[in-house]
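# Fold and contact review
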Amino acid sequence: MSAMTPPVIALRAVSKRYGAKEVLHGVDFGIEAGECVALIGHNGAGKTTLLKLLLGLTRPSGGSVRVEGQDPVSARSAAARRGIGYLPESVAFHDAMTGLEVLRFYARLKGEPLGACGGLLERVGLNEAVARRVGTYSKGMRQRLGLAQALLGEPRLLFLDEPTTGLDPSLRRRFYELIQEIRGRGATVLLSSHALSEIEGSANRTAIMREGRLVAFGTLAELRLAAKLPVRIRVAVRPGMAASIAQDIGAKVNLLKVNDTMVDLTCGAGDKMDVVRRIAALGGPVTDVDIAPPNLDEVYAHFVGEGRPL
Amino acid sequence: MKVLWCLAGKEIRDGMRNRWIAAAIAILAALAISLSLLGSAPVGEVKASTLSVTVASLSSLSVYLIPLIALMLSYDALVGEFERGTMQLLLTYPVARWQVILGKFLGHVAILVLAIAVGYGAAGLAVALGGGADPQGARAFLFLIGSSALLGAVFIALGYLLSAVVRERATAAGLAVALWLGLVVLYDLALLGVLIADRGQMVSQAMASALMAVNPTDLYRVFNLTSFDGVAAAAGMLGAEGGLGPLLSLAVLGGWVIVPLGATMAVFQRREL
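Residues numbered from 1 in each chain as written. Chains lettered and ligands numbered in written order. Predicted model: local features only at pLDDT ≥ 70, side-chain atom pairs only at ≥ 80, totals over all residues. Heavy atoms only, no water.

## A word on the interface of chain B and chain A
To keep it simple, the criterion reads: Contacts between residues were defined by any pair of non-hydrogen atoms, one from each residue, lying within 4.5 Å. Simply put, the buried area is the total loss of 1.4 Å probe accessible area from both parts when two parts are fitted together. Strands here mean DSSP runs of E at least two residues long; helices mean DSSP runs of H or I at least four residues long; both are numbered from the N terminus. Only Asp, Glu, Lys and Arg are considered charged in this grouping, and only Ala, Val, Leu, Ile, Met, Phe, Trp, Tyr, Cys and Pro are considered nonpolar; every other residue, Gly among them, is considered polar.
Between chain B and chain A, the residue contacts involve 25 residues of the former and 27 residues of the latter. Carbon and sulfur atoms make up 59% of the area that chain B and chain A hide from each other, which totals about 2,500 Å². Per-residue buried area on chain B facing chain A is highest for L89, Y93 and P94 of chain B; these three make up 26% of the total on that side. When contributions to the side of chain B that touches chain A are tallied by element, the ones reaching two or more residues are α1 (2-17), α4 (79-84), α5 (86-90) and α12 (246-270) of chain B. Considering every element that reaches the side of chain B that touches chain A, the biggest residue donor is α1 of chain B, with six residues. Split into classes, the residues belonging to the side of chain B that touches chain A amount to eleven nonpolar, five polar and nine charged.

Rendered as structure tokens:
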């Protein structure tokens, strides 16, 4: 977060209405060069609209959008788009063209050498299908072709809208390897996804959206902390000792289950160390301690308000 | 510039791939050759070359067919890409929106020019080989090809405007049919009806001429039927006043290209995807 370089992407109080429907309200955030930020939320949370605003496909109803210091809708941005790659949510191509023709067409538009197309198709694992009509491609193959066109010309900025839908697990892994490669070059990546658990390890920061609002933004550790979800602790004890141990652990905990050899409890994240020290101090009767921080699905559910009101 | 070529080239390749160009050439050639065969029948007392007769009959039919082909080529050009989602991706490339319109336009006009030149050219060649050509008829024939291309460009531009405004392909198709029917068929019928009912009371000749001069299909017809004496004789229009005159007719037709095309660019510029 240096104050020296302005963020690559800056949104200030951005709102977007389609008719009477407001799909984004007061979204504020900045992304620094070289970051990989994941945009998480349900369908209809405003992820795609946000990406479209950044690409200049739509314009905001209020607030300002700046990409590399420019308004993406302005005429000057047309030239700047040479350094931008985009993979739309459900990517569509001209079905009558072959995979190679499609990629060469887009390479020409970007002013990139056509010779790079073959290698790029190989990189996404489409080298077998380059001469086939795109109309015969499966969903996953289209997605890979979409990724190939997004990677044309080694973009500085990559926008990926639900990039892994339709990919099988091994391709998914390959995809996230590719993202790491791209980041290694210093590119900035913004990708949207449904699931927090999927982007763990790829994104350095995560923006969680809900009904057009940005409800949380930070690293996964920060989000965990901000969620203030209880930590689960399982204490294994000598047979018959559970009830007394449960009593000895004392305050600040919420007992879930106590049986003969085991005490299950939760405590606030801030109280965790205190509780652990007290358990350790109980000595002999305690045979094992298991500490489980809230998992990402729980953090996600917390922010998007599944099951509990915010 | 490179971007325009790239976009135009893609439309042309698409036209070849889906046999559009081949079909249009076949239709236009079949029409032109059958009309030129009719034209080589004895022409009676009218002093006109076979080529001039062919131009007269061909321009009367082209006025229906060229707009139809042009609209079929263009009504889908933008809304089809909005619906499929390919436009969204295209606009994230270093391409300005006006370039998208102009590039497509150049490609579609090239397709139409190719179809007209090859289709009509085949018929012209057939007539010339049969000895029915004269220098004036040949010039009239070249003007027919040129003005047909211009008429096609007008309807391509109009088709784009429809395509840019609507939300669904089906709407654009319906509007294209309505536009064709309106400008090509109903306009003249209505004008004729008014003139007959009016009997020269309210609508002066100047007014009638002006009304014809605003419709591109009428401009095209008058341009082709009155610019050359041989054709005019064959069409029974010898001595008829040529409305705006050849140059002004072409200029107004040019305006019919530029205004809808500019409007399409303006609408598209503001459209959100």
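## Here we look at the sheet that holds strand β3 (residues 36-40) of chain A
Residues and elements named next belong to chain A. Applicable threshold: Paired strands, as defined in this entry, are two strands with at least two bridges between them according to DSSP. Note on geometry: axes are C-alpha line fits, over the in-contact stretch for helices, and angles between N-to-C directions span 0 to 180 degrees.
With mixed pairing, six strands are arranged side by side in an open sheet as β5-β6-β7-β3-β8-β9. If you trace the sheet from one side to the other, it starts and ends with β5 (84-87) and β9 (213-218), each paired once. This sheet shows a mean twist of 15 degrees between the axes of neighbouring strands, independent of strand direction. In this fold helix α1 (residues 47-55) packs onto β3, β5, β6 (157-161), β7 (188-193) and β8 (205-210), with an angle of close to 150 degrees to the strand it touches most, β6. This element, helix α8 (residues 220-227), spans β8 and β9 of the sheet and lies at about 120 degrees to β9.

## Thoughts on helix α6 (residues 97-129) of chain B
Our working definition: In this analysis, the expected span of each helix is defined as 1.5 Å times one less than the number of residues it contains.
Over its 33 residues, α6 of chain B extends 47 Å from the first C-alpha to the last, a length consistent with the 48 Å expected when each residue adds 1.5 Å. Trailing α6 of chain B by a residue or two, G131 of chain B shows a phi angle of about 80 degrees, which is positive.

## Re the sheet that holds strand β1 (residues 9-18) of chain A
Residues and elements named next belong to chain A. Pairing is antiparallel across the open sheet formed by three strands, whose spatial order is β2-β1-β4. Edge strands, defined here as strands with exactly one partner in the open sheet, are β2 (21-31) and β4 (62-67). Taking each pair of neighbouring strands and ignoring which way they run, the sheet shows an average axis angle of 25 degrees. Note that β1 and β2 share seven bridges and pair antiparallel. What sits directly across from Y18, in β2, is K21. Strand contacts of α1: β1, β2 and β4, with the helix running at about 115 degrees to β1, the strand carrying the most contacts.

Geometry only, nothing functional implied.
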